[in-house]
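Now for the letters of each chain:
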Amino acid sequence: MRLFREKEWLFSLLVISLALWLIFLGNSPLRDWDEGTYAIVAREIYRTGNWLYPTIQGEPFLLKPPLMQWLIAWCYHLGGVQELTTRLPGAVLTALGVPLLYLVGRLAFNQSLPALFAALVYLTMLPVVRHGRLAMLDGMTICFFLLLLFCLLKARQNQKYALGVGFCLGLIILTKGTIVLLLGAIATLFMLADRQLALLKSPYLWVGIVLGNAPAIAWYTTQWQHYGNTFLEVHFQAQAFDRLLQPVEGNSGPVWYYLLELLKYGFPWLLFLPGGLYLAWKKRHNTWGSLVMLGTIIYLGTISLMRTKLPWYVMPLYPFLALAIGANLSEIWQNRHFRVRSWTIFLAIIYIAGLGGCVYFFLKKEPILIVMSIVLTISMGIAAWLIKQRDRNFIPVLFSGMYLVLALLMSSQSWIWELNEAFPVKPVAQLIRANVSPGTQIYTSFAYGRPSLDFYSDCKVTAATVPILQKMLSNKSYLLLDNEALQQINLTGSKIIGAANGFTLLNKN
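A brief look at the structure comes next. (Residues numbered from 1 in each chain as written. Predicted model: local features only at pLDDT ≥ 70, side-chain atom pairs only at ≥ 80, totals over all residues. Heavy atoms only, no water.)

As for the packing of helix 2 (residues 34-48) against helix 3 (residues 67-79)
Consideration 1: Their axes nearest at 8 Å, the elements helix 2 and helix 3 cross at an angle of 60 degrees. In terms of orientation, helix 2 and helix 3 fall into the oblique class. Helix 3 is crossed by helix 2, and the crossing has right-handed handedness. Judged by residue contacts, Y38, A39, V41, A42, R43, I45 and Y46 of helix 2 engage M68, Q69, W70, I72, A73, Y76 and H77 from helix 3.
Consideration 2: Of the residues assigned to the contact of helix 2 with helix 3, the class counts are 11 nonpolar, 2 polar and 1 charged. (Axes fitted to C-alpha atoms, helices over the stretch in contact; angles between N-to-C directions. Helix = DSSP H or I, 4+ residues; strand = E, 2+ residues; numbered from the N terminus. Parallel < 35°, antiparallel > 145°, perpendicular 65-115°, else oblique. Left-handed = near helix turned anticlockwise from the far one by under 90°. Contact = heavy atoms within 4.5 Å. Nonpolar A, V, L, I, M, F, W, Y, C, P; charged D, E, K, R; others polar.)

In structure tokens:
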């Protein structure tokens, strides 16, 4: 009966996770930078069959390992080149992280309730859902790391599971390269803290490490042999070690940068995080407490000290926070310890924000987001009222409310809000595709190049200054100019091909 219940929970978590991550997955254009870049690389793999040496616009792609691009290219073979197939591998693997976190929690807590709460918290965290639906590497990396932790914990009962540890390390390397050093260090220190010293002598662990890492080692070796030191300089120096010591491409921030990220997007679960971390500290000698404390301190400390700061670097922290919050919610559910005043005030603030969202989205005429704001307002209001009544059922109300809020957000075309930061690429790309041969070099007056525009136009669109644009026009190159640049360039003898979204495509007549 107990086994059947475990399978029920796992199946239910899998279904609701896949539903949230896959709903209207292809309803928005690809985002700069990672999505557009990986889509171009995967499309070139799909077209050329060159799986071993990926390229971007015909040039070697040395920035990242190839597992994500391989999976996307495989999806292109199955379902064609489109947004859905581009995002599908990352979304499915991120969704698998929810039942995996439940399994990890079940073994770490040795109880079902805190494990279930932790999985539901992870399921309803906005950054986890949103970034996991994008064609980015973080959700995949977390999925493989959670599988690694599951194998590590199961190896206490059966050492054969230690084989999986090595294979997961290999998958992490093929997904995101050198992050394996940080995640591997966390796993090793956790194994020592959990007193699994005997596992270090297990042949299953070392056979798994050798076999599991063999494909990654083979790929890295072939790249080094093919490209020489250029591969090492780009892949390791520029993409990994430089980011530790200096801001890359201006992406800097203070030491508390990621604490601000948690404050911005951690609601409403942030309310229960201090209590969860306090419990983890009290239970730091237990399996779950040591896992949460080691993971949180080592990972958050490392990324906070890095000079390069990007919002998605914080993603692998969320499973540890979800475990801490799940433990606190379980304590509240079982012992009914309420902080009525502070919790009510916090939820009342979100309630007011929901009301403001109703008005704002009504003015913007966004019906789905209006409904989303209404659901947020109602669920926060009910939860606040239940807390005042000291009714523990505020917990399932928060879970169901946040799930519906996220489902509605993902059903809209606003879940990738960064698309509003620059011009829509699809109309401009359509103009280019209708008039220019694939692979053509185009120069634009826009401030920077956009991989998403390159992907949709099937051309290489490079940003350039006005003098260079004038020179390229004389060389009979295609130009894509905004209205301001159009007035500054001498168009004598040029031919205007068409216009879209404030951009004009032209070349020498």
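The structure having been displayed, the exposition proceeds.
Some thoughts on the packing of aromatic side chains
Consideration 1: For the coordinates displayed, the defined rule picks out 28 aromatic pairs.
Consideration 2: Note on F109 and W288: the rings are 5.1 Å apart at their centroids and 40 degrees apart in plane angle, and the pair reads as tilted. Note that F109 is positioned in helix 4 (residues 83-109) and W288 in helix 14 (residues 287-305), a separation of 179 residues in sequence. Note on accessibility: F109 and W288 belong to one class, buried.
Consideration 3: Seen in terms of ring centroids, F423 and F446 are 4.9 Å apart; in terms of plane orientation they differ by 85 degrees. Their pairing is edge-to-face. With F423 in the loop between helix 18 (394-411) and helix 19 (425-435) and F446 in the loop between strand 3 (441-444) and helix 20 (451-457), this pair connects stretches of sequence that are 23 residues apart.
Consideration 4: Each residue in the set F117, W269, F272, W333, F338, W343, F394 and F399 is aromatic and connected to the rest through ring pairs, giving one cluster. (Phe/Tyr/Trp six-rings, centres within 6.5 Å; stacked < 30°, edge-to-face > 60°. Buried < 20%, exposed > 50% of the residue type's maximum accessible area, 1.4 Å probe, protein only.)

With respect to the nonpolar core
Consideration 1: Ranked by internal contacts, the top residues of the largest apolar core, which has 165 residues, are W269, F272, L329 and F394.
Consideration 2: In this structure, F394 is in contact with F272, I332, F338, W343, A383, L386 and I387, ignoring residues within four places of it in sequence.
Consideration 3: Listed in part, the 11 residues of the second largest apolar core include M472, L473, L479 and L481. (Core = buried A, V, L, I, M, F, W, Y, C linked by side-chain atoms within 4.5 Å.)

Considering unusual backbone geometry
Consideration 1: Cis geometry marks the peptide bond from D32 to W33, where omega comes out at 0 degrees.
Consideration 2: For W33, the location among the structural elements is in the loop between helix 1 (2-22) and helix 2.
Consideration 3: Positive phi, normally seen in glycine, also occurs at N501, with a value near 55 degrees.
Consideration 4: Looking at the secondary structure, you find N501 in the loop between strand 6 (494-500) and strand 7 (503-508).

What about the packing of helix 4 against helix 15 (residues 318-335)?
Consideration 1: Two elements in contact, helix 4 and helix 15, have axes separated by 11 Å at closest approach and are oriented at 55 degrees. Comparing the axis directions of helix 4 and helix 15 gives the class oblique. Between helix 4 and helix 15 lies a crossing whose hand is right-handed. Within the contact between the two elements, helix 4 uses L101, G105 and F109 and helix 15 uses P319, A322, L323 and A327.

Brief notes about the pairing of strand 7
Consideration 1: For strand 7, a buried count of 5 out of 6 residues is recorded, marking the element as mostly surrounded by other parts of the structure.
Consideration 2: Taken together, the 6 bridges between strand 6 and strand 7 define a ladder with antiparallel strand orientation. Among the inter-strand pairings, G498 is bridged to a residue of strand 7, identified as L505. (Pairing = 2+ DSSP bridges.)

Some details on the pattern of salt bridges
Consideration 1: Considering all chains together, one arrives at 11 salt bridges under this definition.
Consideration 2: K426 serves as the salt-bridge partner of E83, at 2.8 Å between the closest nitrogen and oxygen. On the criterion of sequence distance, the pair formed by E83 in helix 4 and K426 in helix 19 is long-range, its members being 343 residues apart.
Consideration 3: By relative accessible area, K426 is classed as partly exposed at 39%.
Consideration 4: With a shortest N-O distance of 3.0 Å, E261 and K264 are connected by a salt bridge. Placement of both E261 and K264 in helix 12 (residues 257-265) is noted, with a separation of 3 residues, approximately one turn of the helix. (Salt bridge = Lys/Arg side-chain N within 4 Å of Asp/Glu carboxyl O.)

Bear in mind that shape data such as this cannot, by itself, settle questions of function.
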